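Overview (structure and organization)
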Amino acid sequence: MASISHVIALHGLATSTRCSYCFNNSNPRFNAKVKAQSSASKSTTPIDFTHPHWKNKFKADFEDRFRLPHVTDIFPDAASMPSTFCPKMRTPRTSDFPGNYPLDDDWHGYINDNDRVLLKTIYYSSPTSAGAECIDPNCNWVEQWIHRAGPRQKIYFKPEEVKAAIVTCGGLCPGLNDVIRQIVLTLEIYGVTKIVGIPFGYRGFSDKELTEVPLSRKVVQNIHLSGGSLLGVSRGGPGVSEIVDGLEERGINMLFVLGGNGTHAGANAIHNECCKRRLKISVIGVPKTIDNDILLMDKTFGFDTAVEEAQRAINSAYIEAHSAYHGIGIVKLMGRDSGFIAMHASLASGQIDICLIPEVPFNLHGPRGVLSYLKYLIETKGSAVVCVAEGAGQNLLQKTNATDASGNAVYRDIGVYTQQETKKYFREIGVHADVKYIDPTYMIRACRANASDGIFCTVLGQNAVHGAFAGYSDITVGTCNTHYAYFPIPEVISHPKLVDPNSRMWHRCLTSTGQPDFI
Ligand SMILES: Nc1ncnc2c1ncn2[C@@H]1O[C@H](COP(=O)(O)OP(=O)(O)O)[C@@H](O)[C@H]1O
Ligand SMILES: O=P(O)(O)OC[C@H]1O[C@](O)(COP(=O)(O)O)[C@@H](O)[C@@H]1O
Ligand SMILES: [Mg+2]
């Protein structure tokens with residue numbers, strides 16, 4: 001079943017013809033609930049897999065879709081110059097650079113524009129192979145190359161003419177400060193002196209009370225030592241036109257946006273508006289979300305830290321449950337549409353008996369429901385621990401049309417509901433149960449990045465700056481099969497990445513918990 005849906009999904013991928021610097025994303029508002037929404041770049045021309053050269057057409061279409069928008073697309077005469085970033089050097093004295101670019105004779109260590117990273121690395125010999133992602137019904141393998149991230153030998157912005165801005169949007173995520181810090185340090189290495197932070201997300205472009213924050217190595221030196229965002233975050237805010245007005249008024253020509261799907265939809269719209277106004281502004285994204293719900297990339301920064309931090313809550317729930325007579329611990333973790341945090345945290349802990357995620361439907365009540373299984377666990381083990389993701393089981397709760405300022409659905413509290421229904425159930429069947437509920441969600445999000453995320457953020461921040469100087473725009477940076485790559489933004493925002501209930505990872509989680517189906 002998984003392979004069939006993948007075949008269908010990839011038919012869409014196979015048929016795109018986009019090749020434009022100013023791609024117009026027709027989605028007026030990104031709708032996180034539209035899970036099966038087609039890719040922003042999907043075209044309607046189907047590929048004829050009986051054609052002897054269909055692979056060539058697929059490859060050409062793929063190349064078009066993953067082509068990185070570049071300043072020369074609208075400014076064909078845009079001048080380039082040798083990079084002021086030397087991969088061989090250690091941190092230079094930035095004041096040496098403007099007007100005094102070193103000769104390029106001895107330089108090396110740059111990324112060639114034609115360097116590529118493989119998007120898919122597994123050859124599935126059959127559509128029935130576990131996790132098979134097939135392009136055609138026979139599951140033929142076709143190379144899908146995306147662009148390698150990193151410093152280029154030629155740059156399209158003179159550092160002394162750059163005014164760079166950083167903005168952090170959406171919810172908090174461990175590592176935001178690490179990325180801000182690294183963007184600033186790398187910009188300075190290129191020779192940029194005008195660097196500012198936009199306070200409180202996109203709102204900072206329109207709210208006259210909010211003034212931009214000057215950034216430098218001195219300002220950002222130690223910001224990674226604490227969680228949150230030096231610049232503040234927000235949801236909602238001004239429209240695209242107002243944001244671009246703000247960019248023009250402030251003379252910003254490099255914009256680094258740190259955020260999730262919504263922020264990237266905004267970045268895409270900003271880029272398109274800049275194209276329309278013929279502004280030479282590079283808009284570069286760095287995907288931020290503890291939910292890990294961004295398409296195509298291995299993972300997003302902050303996710304590992306969130307999973308690690310969740311262990312403390314899970315362990316507390318476990319200790320409480322095991323120390324009580326008929327103890328039941330319930331932990332709610334974030335994940336509006338995607339259950340990655342709950343799945344990974346459950347797997348990592350080995351202490352969870354029941355993991356509930358948005359992608360897998362379940363019943364609480366009834367003979368096959370969660371509650372009767374909890375009764376079984378109490379009778380056989382004496383205690384139980386449940387991990388429930390924020391977006392899980394929303395069909396069991398009263399519907400709400402509430403949205404946050406960004407238009408994201410605001411869900412009912414499945415954690416509290418599960419706790420209440422568990423207490424009620426055990427009361428009604430006359431079995432003692434000591435139910436303890438832990439909601440650590442904001443504690444997990446506000447903490448400082450762990451060491452591995454810290455390094456990840458460093459590389460992402462550096463590559464974001466390299467992408468801007470290379471003249472690209474409307475791109476975001478991420479890892480693909482452990483290599484760093486640039487993705488055109490429309491390719492990663494069409495819908496949130498979800499846990500595949502047929503995946504081996506979810507199966508591993510089930511083997512760890514030992515839980516049955518609850519339907
Ligand atoms: N489709 C969209 N077009 C333009 N801006 C958007 C869009 N969706 C969200 N935004 C803006 O992006 C910012 C962050 O979005 P949000 O969904 O809250 O967080 P995240 O980026 O983490 O998903 C908000 O300021 C919001 O107004
Ligand atoms: O309370 P807030 O700030 O709206 O954040 C809650 C949201 O944060 C998230 O963890 C991440 O959301 P974003 O990626 O949009 O920031 C969601 O799963 C959750 O719904
Ligand atoms: Mg989001």
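Just so it is clear, the model here is predicted, and its values are computed rather than measured.

Rules used in this analysis
Residues numbered from 1 in each chain as written. Chains lettered and ligands numbered in written order. Predicted model: local features only at pLDDT ≥ 70, side-chain atom pairs only at ≥ 80, totals over all residues. Heavy atoms only, no water. Helix = DSSP H or I, 4+ residues; strand = E, 2+ residues; numbered from the N terminus. Pairing = 2+ DSSP bridges. Phe/Tyr/Trp six-rings, centres within 6.5 Å; stacked < 30°, edge-to-face > 60°. Buried < 20%, exposed > 50% of the residue type's maximum accessible area, 1.4 Å probe, protein only. Lys NZ or Arg CZ within 6 Å of the ring centre and 35° of its normal. Near = heavy atom within 4 Å. Polar contact = N/O pair within 3.5 Å; in protein donor to acceptor, adjacent residues only side chain to side chain. Areas by Shrake-Rupley, 256 points an atom, 1.4 Å probe, with all protein chains shown as cover. Nonpolar A, V, L, I, M, F, W, Y, C, P; charged D, E, K, R; others polar. UniProt positions renumbered as here; feature names shortened; annotations may be inferred. Contact = heavy atoms within 4.5 Å. Core = buried A, V, L, I, M, F, W, Y, C linked by side-chain atoms within 4.5 Å. Expected span 1.5 Å × (residues − 1). Salt bridge = Lys/Arg side-chain N within 4 Å of Asp/Glu carboxyl O. Axes fitted to C-alpha atoms, helices over the stretch in contact; angles between N-to-C directions. Parallel < 35°, antiparallel > 145°, perpendicular 65-115°, else oblique. Left-handed = near helix turned anticlockwise from the far one by under 90°. Disulfide = S-S within 2.5 Å.

In this section: unusual backbone geometry. In this structure, F200 is a non-glycine residue whose phi angle is positive, near 55°. Here F200 shows up in the loop between β6 (194-198) and β7 (213-214). The phi dihedral of D474 falls on the positive side, at around 60°, and the residue is not glycine. Within the element layout of this structure, D474 appears in the loop between α13 (451-469) and β14 (475-480).

Spatially, β2-β3-β15-β14-β9-β8-β5-β6-β7 is the arrangement adopted by the 9 strands of the open sheet, whose pairing is mixed. Strands with a single pairing partner mark the edges of an open sheet, and in this sheet they are β2 (116-118) and β7.

The next thing to look at is the packing of aromatic side chains. One pass over the full model with this rule turns up 10 aromatic pairs. Both rings, one in F85 and one in Y190, keep their centres 5.2 Å apart while their planes meet at 25°; by these two values the pair is stacked. One end of the pair, F85, is in the loop between β1 (81-82) and β2; the other, Y190, is in helix α4 (residues 176-190), with 105 residues separating them in the sequence. A relative accessible area of 0% means that Y190 is categorised as buried. Ring centres of Y425 and F426 lie 5.2 Å apart, and the angle between their planes is 85°; this geometry places the pair in the edge-to-face category. Residue Y425 shares its accessibility class with F426, and that shared class is buried. Its guanidinium or amino end placed over the ring of F157, K280 lies 4.3 Å from that ring's centre, counting from NZ or CZ.

Close to ligand 2 lie 13 residues, the nearest being G171, D291, E390, Y442 and R445. One of the side-chain N or O atoms of E390 is found 2.5 Å from an oxygen atom in ligand 2. In this structure, an oxygen atom belonging to ligand 2 sits 2.3 Å away from a side-chain N or O atom of Y442. Contact with the protein chains hides 82% of the accessible area of ligand 2, taken as 480 Å² for the molecule alone. Partitioning the shell around ligand 2 into residue classes produces 3 nonpolar, 4 polar and 6 charged.

Next up on the list: the UniProt feature "binding site: ATP" (unreviewed entry) in the protein chain. Annotation from UniProt places "binding site: ATP" (unreviewed entry) at G171, R235, G236, G260, N261, G262 and T263. Taking the farthest pair of C-alpha atoms as the criterion, the annotated set spanning 93 residues converges on one region, since that pair is 13.0 Å apart. By relative accessible area, R235 is classed as partly exposed at 27%. For R235, the residues in contact, after removing those within four places along its chain, are G170, G171, R336, D404, A405, S406, N408 and R445. Tracing the sequence through the fold places T263 in helix α7 (residues 261-276). When its relative accessible area of 6% is taken as the criterion, T263 is described as buried. Once residues within four sequence positions are removed from consideration, T263 is found in contact with C169, G170, Y202, V257 and L258.

Moving on, we get to the nonpolar core. Within the largest apolar cluster, 73 residues are counted, with the highest numbers of intra-cluster contacts made by L187, F256 and F469. Broken down by element, the residue count for this core peaks at 9 residues, all from α4. Core analysis: the second largest hydrophobic core is formed by 39 residues, L119, I252, I281 and V283 among them.

Quick look at α7 now. For an α-helix, the turn length of 3.6 residues means that residues three or four places apart are oriented alike. Under the 1.5 Å per step criterion, the end-to-end length of α7 is 23 Å for 16 residues, consistent within 8% with the ideal 22 Å. Counting buried residues in α7 gives 13 out of 16 residues, a clear majority hidden from the surface. Just past α7, the residue R278 takes up positive phi, approximately 55°.

Moving on to the pattern of salt bridges. Taken as a whole, this structure holds 22 salt bridges when the rule is applied. With its nearest N and O atoms 2.9 Å apart, the salt bridge here joins R152 to D113. One end of the pair, R152, is in the loop between β3 (145-148) and β4 (154-155); the other, D113, is in the loop between β1 and β2, with 39 residues separating them in the sequence. On the basis of relative accessibility, which here comes to 3%, the residue R152 falls in the buried class. For D113, a relative accessible area of 39% corresponds to the partly exposed category. Measuring nitrogen to oxygen at the nearest pair gives 2.8 Å for the salt bridge that ties E273 to R277.

Before going further, it helps to spend a moment on the packing of α4 against α13. The description of two packed helices rests on the angle between their axes and on the distance between the axes. At a minimum axis separation of 8 Å, α4 and α13 run at an interaxial angle of 45°. In terms of their interaxial angle, α4 and α13 are classed as oblique. α4 and α13 meet at a crossing whose hand is right-handed. In this structure, α4 uses D178, V179, Q182, I183, T186, L187 and Y190 to contact α13, whose residues at the interface are G454, C457, T458, G461, Q462, V465, H466 and F469.

Here the structure, examined in full by the defined rule, presents 1 disulfide. The side chain of C134 participates in a disulfide bridge whose partner is C139; the two sulfur atoms lie 2.1 Å from each other. The disulfide joining C134 to C139 has a torsion of about -75° about its S-S bond and is therefore left-handed. Distance from the sulfur of C480, which forms no disulfide, to the nearest cysteine sulfur (C139) is 18 Å.

Before going further, it helps to examine the sheet that holds strand β10 (residues 327-333). One open sheet accounts for 4 strands, arranged β11-β12-β10-β13; its pairing is parallel. The open sheet is flanked by β11 (354-356) and β13 (434-438), the only strands paired with a single partner. On average, each strand axis in the sheet is tilted by 15° relative to the strand beside it, whichever way the strands run. As defined by bridge partners, β10 adjoins β13 across 5 bridges and the pair is classed as parallel. Within the sheet, the bridge partner assigned to G327 lies in β13 and is D434.

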